[in-house]
Amino acid sequence: MKALEQLKDELKSKFNNDIIKFETPIDDRLFIDVKKEGIKGISKEIFGRGGRYLVSIGYDNIARDNTLGMVHTFAFDKESYFVCVRTSVPESDPVLDSITPDVPNAGWSEREYMDLLGMKFTGHPKPKKLVLADDWPEGIHPLRKDVPYNLMPPPAENVAYQMDECPEGCSVVPVGPFHPSLHEPNHWAIFVDGETIKGCDYRGFMTHRGIEKLCTTQISYNEVPFIAERICGICGSVHATAYSQAVEMAAGFKISRRSEFIRTIMLEIERLHSHLLWLGVAGHLIGFDTVFMQAWRIREAIMWLCERITGNRKTYGMIVIGGVRRDITPELKEDILNVMKKVDDECNVVYKAIIGDTTIHKRSKGVGYMTKEEAIQWSIVGPPARARGVDIDARRDHPYAAYDEMAFDVPVVDTNDVWGTVVVRVLEIFEAVKIIRQALELMPAGPIMTEMDEVIAPLKHAISNVEAPRGEAVHYVITGEENRADRWRVRAPTYPNLQGVPTMLLNEQFGDFPIILGSIDPCFSCTDRVQVVNIKSGKVNVMSQRDLEKMSRRA
Amino acid sequence: MEAVYIIINILVFLGLAPLFEGIIRKLTAKVQSRQGPPIYQPYMDILKLLGKETINSADNWGFKVAPLMAFASIVSVIAFFPLANRANLLTPYADVIMIIYLLTLGGIAVLLGALSSKNTYAMIGASREMVTMIMVEPVLAMTLIMGAVKVKSLGIDMTMFSTNYAGYGWSVVLMLVVYLMALQAFIGRQPFDISEAEIEILEGPFIEYSGPNYALFKYYMMLKQMFYAALFVVVFIPYFNTGFYIADLIVQIVEIGLIFVFISVIGSTNARLRIDQAIKFYTVLIVLSLCAVGLSVYGI
């Protein structure tokens, strides 16, 4: 890794006083321990050199040395390695320089740790509440180890999130928490001047399930993949794979080649499913229900196929640490090839219909405009990035599973708009079919499961990424004692992409809001992972129809 | 006999409008590889809504009166309408200006309901509806004015039968094309279902309506789309006159059905346009319809 060594040397000469040590557990992972004073400068330097910001990981280390840890992670895609900048702050004074002014996408991560760990970031441009419920009591930070996973503070009345100020001359259109274009609960305040969008504010994190907390306090390594699958209803295998890879990496453990091939096949089937689903939803969002119905008809065949392979239409439960749970038999191979042929043919028809449809062009060309520079600045991932000429794809840049043996193209267009995301996704369907065929062809014989005998050593850091249909998912694992992770951080692709949406929305028409938001294929629950669910104090209160009517009508 | 025609008019429209809606839904489902609802589903929808409780979410008279006003205005238009190419007792008492006026009144009623429901989405829907009305109403007016120019009369029957009296010229062909292009906008279907746009503004003007009030609005929309289809048939297809009232009536109903096939195919193969894109489209239509009237003045 020449590029990695070079970066190491240059950082050493420039920030020698701030750097404590370098660590390279695997060839393509560089961990840098720095003093807290140096975090801002070093992050800025790495970002400026083209390091794509991934996510920040804050963790509680109070029991060991009275500190709160913080890791900023970056990826160099061309040279295919990751850089993780680690630092820590004393619990008594948990103040750190904010890197958000230089790395805008770090905004949410830092806000998250203000809520969850009680850290403070000087110079953060928008230090508002992000994750915790509005009635969550001050001073309780749920990700700290001394807070029990099932804590239920009493609910409070009359607290509400303060949306940003509406700019002068604009009016507010509320979208959400429930709205047909959102599919999941979250709230947007759209500031419009006539029908033109002049700004917006977002309040999400409404369906927190506390998955990270749960999995680091209650559940052991081997059970987590099944919970990881439930982070997202659509890219389940992605999260299970990313988590399993991170743990395998931390343990220095190699799984069988056959299981890597099966993982690849499952990931690509999932991509087919997700892209067809998205195509349908996108059609619906612009009022083109025929596209919606036809795309979902094609998708149905894939779900039946998955049922035959795994036993489930979705949430397959295939991927576990050490391999996969079911083999692909010769009959299943035949079955998959048949379905692929059908999907390929039918998608060709859909592709031709979409490419030639003038109303789709009208509704998507030039809509949701964002330049390549802005996309890089906001660390956008997946099809929204590739539609803006940013040539990144974790499958090619950071090969995992069996992707190193697969030959496929990464479609990149530079229309910078929603139309580009349509084209990228449809082309990726054909690439996915290609990969599945290759994987079935090349798959070696062997066991599908490798048992791990040794105990995983504690406090090992590992980062793994998987190209989900919507973009890149990143999982960061810090191993711990008691057969479970000390910290597990999930970053779903919607997390960075959603932060770029306000830029895409600016000066667009309100009628385009659904499709612009839809173009990133948002998965809000994927971002909502961290908080403990707040249920009312156990007392059941049955409401009559009259009560509900009273509540829902004018007070 | 002429008085009976009025009653038949109203019965035919009230009875068949939901059926044609059902045809649209069934055909759309077929295009989308779906089973689709049974063809009589719209009747069921209306019956069900009529049996529901009325929720008066906006406590003012405008909100209550708007659905009635819309429904009444479209029924009055139908009462004057020379269905089956026969003027009825009422037809001579009004002129085409009156028809345009009453049709606009229906739109105004929708606006009234939307604005008095005080809902943000309804407001957006109302402003879109208003723009649509202003931009497509001229096409309707020009269609009738062209007829009036041809027969030099504003009488309803004379104007609407103008093609029959004065024959098919280039102006009529042009107007026919323009009318077909505007048809989806008249009846608020894709690509011009902008003011309802479920996914953006949740049915816009009707968001606060429920129960019988909503049933009236739904019925109004169905009657309106049947009226615009029937108007096309009467103005542009003046053929197949058998001389027998019942036979003429059946011929026209079949022709209306064919128009509905056209409506559902266009509706299911287009995405919804944005309001600013639609306005550009409407502007072209207005200019073309003015050209058609200009041509008709010279007898072309």
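Calculation rules
Residues numbered from 1 in each chain as written. Chains lettered and ligands numbered in written order. Predicted model: local features only at pLDDT ≥ 70, side-chain atom pairs only at ≥ 80, totals over all residues. Helix = DSSP H or I, 4+ residues; strand = E, 2+ residues; numbered from the N terminus. Rg over C-alpha atoms; globule rule 2.2 N^0.38 Å. Buried ≥ 20, exposed ≤ 12 C-beta atoms within 10 Å, placed from the backbone. Pairing = 2+ DSSP bridges. Contact = placed C-beta atoms within 7 Å. Nonpolar A, V, L, I, M, F, W, Y, C, P; charged D, E, K, R; others polar. Domains from an automatic or database assignment. Axes fitted to C-alpha atoms, helices over the stretch in contact; angles between N-to-C directions. Parallel < 35°, antiparallel > 145°, perpendicular 65-115°, else oblique. Core = buried A, V, L, I, M, F, W, Y, C linked by C-beta atoms within 7 Å. pLDDT = per-residue confidence, 0-100. Left-handed = near helix turned anticlockwise from the far one by under 90°. Expected span 1.5 Å × (residues − 1).

Asks: Even after reading the chapter, I still don't get the overall build of chain B, so can you show me in this structure?
Replies: When you go through chain B residue by residue, the secondary structure sums to twelve helices and zero strands. In summary, chain B has a C-alpha radius of gyration of 19 Å against a globular reference of 19 Å for 300 residues, a match within 12%. With the C-alpha coordinates aligned to their principal axes, the bounding extent of chain B is approximately 50 × 45 × 45 Å. The burial tally for chain B puts 50% of its 300 residues in the buried class.

Asks: Help me understand the pairing of strand S1 (residues 19-23) of chain A, please; the structure alone is not making it clear to me.
Replies: A regular strand places its side chains on the two faces of the sheet in alternate fashion. Residues and elements named next belong to chain A. Summarising burial for S1: zero of the five residues are buried, a small minority. By the bridge criterion, four bridges tie S1 to strand S2 (residues 29-34) in an arrangement that is antiparallel. When the sheet's bridge partners are listed, Lys21 is paired in S2 with Asp33. Count of turn residues in the S1/S2 antiparallel hairpin: five residues.

Asks: Looking at this structure, how should I read the interface of chain A and chain B?
Replies: Reports often express the size of an interface as the amount of accessible area lost when the parts come together. Chain A puts 25 residues into the contact, and the matching count from chain B is 24 residues. For the side of chain A that touches chain B, the secondary-structure elements that each account for two or more residues are strand S8 (171-175), helix H8 (257-285), helix H9 (289-310), helix H11 (358-364) and helix H17 (513-519) of chain A. No other element matches the five residues that H9(A) contributes to the side of chain A that touches chain B. Taken together, the residues of the side of chain A that touches chain B break down into ten nonpolar, eight polar and seven charged.

Asks: Sorry if this is basic, but what is going on with the domain arrangement of chain A here?
Replies: All names here are of chain A. Assigned domains within chain A: domain 1 (2-162) and domain 2 (211-527). Averaged C-alpha coordinates put domain 1 and domain 2 at centres separated by 26 Å. Taken together, the contacts link 21 residues of domain 1 with 22 residues of domain 2. When residues in the side of domain 1 that touches domain 2 are grouped by element, the largest group, six residues, is from strand S3 (residues 52-61).

Asks: Can you help me understand the sheet that holds S2(A) in this one?
Replies: Hydrogen bonds along the backbone pair up the strands of a sheet, which may run parallel or antiparallel. Residue and element names in this part refer to chain A. Overall, mixed pairing links the five strands, which are arranged S1-S2-S5-S4-S3 in an open sheet. Either end of the sheet is taken by a strand with one partner, and the two such strands are S1 and S3. On average, adjacent strands in this sheet sit at an angle of 20° to one another, irrespective of strand direction. As defined by bridge partners, S2 adjoins strand S5 (residues 81-90) across five bridges and the pair is classed as parallel. Within the sheet, the bridge partner assigned to Phe31 lies in S5 and is Cys84. Each of S3 and strand S4 (67-76) touches helix H4 (residues 106-116); the most contacted strand, S3, lies at about 10° to it.

Asks: Looking at this model, I keep getting lost on the packing of helix H2 (residues 41-50) of chain B against helix H10 (residues 211-236) of chain B. Mind explaining?
Replies: Axis angle and axis distance: for two packed helices, these are the angle between their axes and the distance between the axes, and together they describe the pair. Residue and element names in this part refer to chain B. Two numbers describe how H2 lies on H10: the axes approach to 7 Å, and their chain directions differ by 150°. As the angle between them shows, H2 and H10 are arranged roughly antiparallel. The residues of H10 that touch H2, namely those facing Pro42, Asp45, Ile46, Leu49 and Leu50, are Gly211, Pro212, Tyr214, Ala215, Lys218, Tyr219 and Met222. Among the residues making up the contact of H2 with H10, the classes are represented as nine nonpolar, one polar and two charged.

Asks: Would you explain the nonpolar core in this entry?
Replies: Most often, soluble globular proteins have nonpolar side chains that are buried together. Residue and element names in this part refer to chain A. Formed by 163 residues in total, the largest nonpolar core has its most connected members in Ile190, Ala246, Ile436 and Val477. Here this core takes 14 residues from H8, the largest share from any one element. Both domain 1 (2-162) and domain 2 (211-527) contribute no fewer than three residues apiece to this core. If near-sequence neighbours (up to four positions away) are discounted, Ile190 is found in contact with Val173, Val175, Ile197, Cys200, Phe510 and Phe513.

Asks: Explain the confidence of the model for chain A to me, please; I cannot follow it from the model alone.
Replies: It should be kept in mind that the predicted coordinates are not to be read in detail where pLDDT is low. In the predicted model, chain A carries a mean pLDDT of 85, and the fraction of residues at 70 or more is 94%. With pLDDT under 50 throughout, residues 530-536 of chain A is counted as low confidence; its partners more than four residues away or in other chains account for 28 contacts.

Asks: So what exactly am I meant to see when it comes to the packing of helix H1 (residues 2-31) of chain B against helix H3 (residues 61-80) of chain B here?
Replies: All names here are of chain B. Their axes nearest at 8 Å, the elements H1 and H3 cross at an angle of 130°. As the angle between them shows, H1 and H3 are arranged oblique. Once H1 is placed against H3, the crossing between them reads as right-handed. Facing H1, whose interface residues are Ile6, Asn9, Ile10 and Phe13, H3 presents Val75, Ile78 and Ala79.

Asks: Can you walk me through helix H11 (residues 245-268) of chain B in this structure?
Replies: For the α-helix, the turn length of 3.6 residues means that residues three or four positions removed from each other point alike. If you check H11(B), its first and last C-alpha atoms are 35 Å apart, about what 24 residues at 1.5 Å a residue would give, namely 34 Å. Residues of H11(B) that are buried sit in contact with H9 of chain A together with H1, helix H8 (170-186) and H10 of chain B.

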